[in-house]
Amino acid sequence: MRHPILAANWKMHKTVGEATAFVARLLPRVEEARGVEIVLAVPFTVLERVGRSLEGSAVHLAAQNVHPEEQGAFTGEISPGMLADLGCRYAIVGHSERRVLFAETDDFVARKAAALLERDILPIVCVGESLEDREAKRTWDVLGAQIQGSLARVPDELAGEIVIAYEPVWAIGTGRTATPEIAQEAHAFIRDRLANRFGAAGAQIRIQYGGSVNPENVYALMQQPDIDGALVGGASLDPEAFARIVAFESQGSVQ
Ligand code: PEP
């Protein structure tokens, strides 16, 4: 049984005041959410304060990035131990913005994922093809290489601890969501790769879809057999919109 996981990725948004106001408005709206996991991936600067605001709730705290080393001369970086200290349950690694804007490689992503697992923090490992890749019919090559490379250091016995986010780069922040069918095709491919890599445990790994998810399109996406959740950027900045995404099942009746 794969429990749906709905995660907000705030990216570089929200001050401490804005973040606490968001949590105060979100929590009453998601109290009734049953059987789904809710995650807030927030900037490093608000992790501590948001973590305190989430205490006693079922919402998990997450970071958006991490450095693979535990300590050392890495100016400006944050270690897995520091995130554990603040109560992070999850951390995003390999987001396409990190891969493209900060030249992060699959091997670096793999080191981050392994370092997080050592600290009992669950990595949300992002993969996804660019528009250029898709148009050149390289989608499966790209996804296959990212899955293989980014998960290379995940110990087999910890396969169930990871989450994959399939985020086609052409759908991120563009308003151009993948159709449920296109997303399902990619998720099925990733599921197959995970089974190759981890055997039966691969079937239990949750795969989120990310790319312009909003309250109107989340229901149809979540009906697909291999879509187990969503990683949400823009629409997660508004607590009402994110709460409606969390309550995706009730969106079905308003289609
Ligand atoms: C993301 O940042 O992971 C994302 C999917 O963004 P958006 O929902 O804005 O496309």
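This report concerns the structure included in the present document.

The rules behind these values
Residues numbered from 1 in each chain as written. Predicted model: local features only at pLDDT ≥ 70, side-chain atom pairs only at ≥ 80, totals over all residues. Heavy atoms only, no water. Salt bridge = Lys/Arg side-chain N within 4 Å of Asp/Glu carboxyl O. Helix = DSSP H or I, 4+ residues; strand = E, 2+ residues; numbered from the N terminus. Buried < 20%, exposed > 50% of the residue type's maximum accessible area, 1.4 Å probe, protein only. Near = heavy atom within 4 Å. Polar contact = N/O pair within 3.5 Å; in protein donor to acceptor, adjacent residues only side chain to side chain. Areas by Shrake-Rupley, 256 points an atom, 1.4 Å probe, with all protein chains shown as cover. Nonpolar A, V, L, I, M, F, W, Y, C, P; charged D, E, K, R; others polar.

### Comments concerning the pattern of salt bridges
When the charged atoms of two side chains with opposite charge come close together, those side chains can pair. Counting across every chain of the model gives 20 salt bridges. A salt bridge links lysine 11 to glutamate 97; the nearest nitrogen and oxygen atoms lie 2.7 Å apart. Of the two residues, lysine 11 is situated in the loop between β1 (5–9) and α1 (16–30) and glutamate 97 in helix α4 (residues 96–101); the sequence distance between them amounts to 86 residues. Assessed through its relative accessible area of 22%, lysine 11 is described here as partly exposed. Residue class for glutamate 97 comes out partly exposed when judged on its relative accessible area of 28%. We note a salt bridge from glutamate 129 to arginine 134, for which the minimum N-O separation is 2.7 Å. Its relative accessible area of 0% is what places glutamate 129 among the buried residues. It is possible to trace a salt-bridge network through shared partners that takes in Arg2, Arg191, Asp226 and Asp228.

### Some thoughts on the site of the ligand
Surveying the vicinity of the ligand reveals 14 residues, the closest of which are Lys11, Glu167, Gly173, Ser212 and Gly233. Contacts to the ligand include glycine 173, whose backbone N or O atom sits 2.6 Å from an oxygen atom. Notes on the ligand: free accessible area 290 Å², of which the protein chains cover 95%. When grouped by side-chain class, the residues that make up the shell around the ligand number four nonpolar, eight polar and two charged.

Remember that the coordinates give geometry; whether it matters functionally is a separate question.
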